[in-house]
Amino acid sequence: MSEKIYDVIVIGGGPAGYSAALYCVRAGLDTLVLEMLSAGGQMTLTEVIDNYPGFPDGIDGFTLGDAMQQQAEKFGAVSEMTEVTSVTLDGPLKTVHTSDMGDLSAYNVIVATGANARKLGLPNEAMLADKGIHYCAACDGMRFRGKTVAVVGGGNTALEDAALLARLCEKVYLIHRRGEYRADKIYADGLKGLDNIEPVLFSVVDNVTVEDGFKGVTVKDVRTGETKFLPADGLFVSVGRVPNTDFLGGIAETDGGYLVADETTRTSVPGLFAVGDVRTKPLRQVVTAAADGAVASKFAQEYLTEVK
C-alpha cells in the first residue's frame, strides 16, 4: 500500500489552524491537523474571551477551541495528537516528521504553532496566569476598567499596552529595568497626555501579593536593591513573545523568530504558509488568527493546482 499523501497538513490546532482546516476541507482538500496538546492552543488558557464576534456574553477558550475542532472535523478534517519535530520542504511534496507517527507527506504545510508569551519567572506565575497576571492588554484590559494595573516592559509592545490600559484604567504603573524605555519614538509619543501612567524605572518585579485576590506588585530597584509595593488589581507582562518556529530549522525566512508572511500568508518557501500568531503581523488576536486560516486555504488551493 502506498503512503497516504495529504493535500494539506496543518501544524497546530488553535483558531488559525482549525480555521485553515475548515476552509480547506470545505474546498475539497484532504486535510490533516497535527496538535501537540489540545484543540484551541493557547486560547484554552483564557477563561473568558469577550472580543470574538458572536459571543456577547463571552466564551471560555476551551469551549471555543473544542467547537472549532468539531466544526472542522464535521466537514472531513482529521485531527491527530502528536509533536512535529521537523519538516522537509524540498520540492512540491513536503514531509512532516513527527515524534510518534513517523513521516507524513503533503503538498501544502500550514504552520499555526503560535507564539508563547515570555514569562517573568515568578514562582507563582503559572498559577496566576489569567487570574491576576496577564499577557495581552487588548484581550484582557477591559476587565480592569476603572482599576489600577501594572505593566512590565520597556519596548514597543509595553508602551502600546500601557497607552491602551491608561484609557481604560484609573492608574497604570509602567515598570522597566532601565532608566529609559527602549521603544520607538512613536510609542513614547503615544504616552503624552496620559497623566495616569506612572513610570517605575530602574525596577524589576520581585513578587506579587495574592491574599483573597490579587493585591499588588513588589518591585526592586536594580541599583540599590530596595523594594517597594505597588497596589494594583492586575499585572500585564509585556516583555516579548517567543514564536514556535524552532522545529523548522531556519528553512524559511523569519523576523525575530516569526515567519515572514504577508496578508496572503505565503512564506518564502512555496507551499508553506504561516497563520495566526506565528507570522509577522500587526495584531495577534483570535479573530485575526481565524482570518489567516481562511486566507491560507485559498492560496493552498492555488499552489495545489500548480503542482499536483
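All figures in this text were calculated on a predicted structure; none of them were measured in a lab. (Residues numbered from 1 in each chain as written. Predicted model: local features only at pLDDT ≥ 70, side-chain atom pairs only at ≥ 80, totals over all residues. Heavy atoms only, no water.)

## What about the overall build of the protein chain?
A count of helical and extended segments in the protein chain gives 7 helices and 19 strands. Compactness check: the protein chain gives a C-alpha radius of gyration of 21 Å against a globular reference of 19 Å for 308 residues, within 12% of the reference. Seen through its C-alpha atoms, the protein chain measures out along the principal axes to roughly 70 × 35 × 35 Å. When the 308 residues of the protein chain are sorted by exposure, 49% land in the buried category. Sequence separation of 24 or more characterises 58% of the internal contacts of the protein chain that already satisfy a separation of 6 or more. Just so you have it, the protein chain exposes about 14700 Å², and 51% of that area is on carbon and sulfur atoms. Taking the average place of the 28 positive charges on the side chains of the protein chain and the average place of its 41 negative ones, the gap between the two points comes to 5 Å. (Helix = DSSP H or I, 4+ residues; strand = E, 2+ residues; numbered from the N terminus. Rg over C-alpha atoms; globule rule 2.2 N^0.38 Å. Buried < 20%, exposed > 50% of the residue type's maximum accessible area, 1.4 Å probe, protein only. Contact = heavy atoms within 4.5 Å. Areas by Shrake-Rupley, 256 points an atom, 1.4 Å probe, with all protein chains shown as cover. Lys, Arg positive; Asp, Glu negative; His and termini not counted. Charge placed at Lys NZ, Arg CZ, Asp CG, Glu CD.)

## Let's talk about the environment of L32
Within the secondary structure, L32 is located in strand β2 (residues 31-35). With relative accessibility at 1%, the residue L32 sits in the buried group. C-alpha separation for the pair L32 and V78, spaced 46 residues apart in sequence, amounts to 4.9 Å.

## So, the state of the cysteines
One pass over the full model with this rule turns up 1 disulfide. With its sulfur 2.2 Å from that of its partner, C136 forms a disulfide with C139. Here C136 and C139 share a disulfide; its torsion about the S-S bond, 70°, makes the bridge right-handed. Note on C136: relative accessible area 18%, which makes it buried. Summary of cysteine pairing: C169 is not part of a disulfide, and the nearest cysteine sulfur, belonging to C136, is at 14 Å. (Disulfide = S-S within 2.5 Å.)

## Comments concerning the packing of aromatic side chains
Tallied over the full model, the rule gives 2 aromatic pairs. It is K4 that lies over the ring of Y6; its NZ or CZ is 4.8 Å from the centre. Just above the ring of Y135 sits the side chain of K119; from NZ or CZ to the centre is 5.2 Å. (Phe/Tyr/Trp six-rings, centres within 6.5 Å; stacked < 30°, edge-to-face > 60°. Lys NZ or Arg CZ within 6 Å of the ring centre and 35° of its normal.)

## What to know about the sheet that holds strand β14 (residues 227-231)
Spatial strand order, β12-β13-β14: 3 strands in an open sheet with antiparallel pairing. Sheet topology places β12 (203-210) and β14 at the edges, where each strand pairs with a single neighbour. The mean inter-strand angle of the sheet, taken between neighbouring strand axes irrespective of direction, is 30°. As paired strands, strand β13 (residues 214-221) and β14 are joined by 5 bridges and run antiparallel to one another. Residue pairing in the sheet places T218 in a bridge with F229 of β14. (Pairing = 2+ DSSP bridges. Axes fitted to C-alpha atoms, helices over the stretch in contact; angles between N-to-C directions.)

## Regarding helix α5 (residues 156-166)
Taken together, the buried positions of α5 are occupied by A158, L159, D161, A162, A163, L165 and A166. Of the surrounding elements, those touching the buried residues of α5 are α4 (137-140), β9 (148-152), β10 (171-175), α6 (185-189), β11 (197-200) and β15 (234-237).

## Description of the pattern of salt bridges
Considering all chains together, one arrives at 13 salt bridges under this definition. A salt bridge links R143 to D140; its shortest N-O distance comes to 3.4 Å. R143 gets classed as partly exposed once you look at its relative accessible area, which sits at 29%. Judged by its relative accessible area of 6%, D140 is buried. Members of the salt-bridge network, linked through shared partners, are E263, R279, K281 and D292. (Salt bridge = Lys/Arg side-chain N within 4 Å of Asp/Glu carboxyl O.)

## Looking at unusual backbone geometry
Positioned with a positive phi, D130 is a non-glycine residue whose angle comes to about 70°. Turning to its location among the elements, D130 is positioned in the loop between α3 (125-128) and β8 (133-134). When its relative accessible area of 9% is taken as the criterion, D130 is described as buried. Positive phi, normally seen in glycine, also occurs at T265, with a value near 70°. Summarising the element assignment, T265 is placed in the loop between β18 (258-259) and β19 (272-274).

## Considerations on the pairing of β15
Burial along β15 is two-sided: G234 and F236 and L235 and V237, pointing in opposite directions, are all buried. Where β8 lies against β15, 2 bridges are found, and the strand directions are parallel. Residue pairing for β15: I133 is matched across the bridge by L235.

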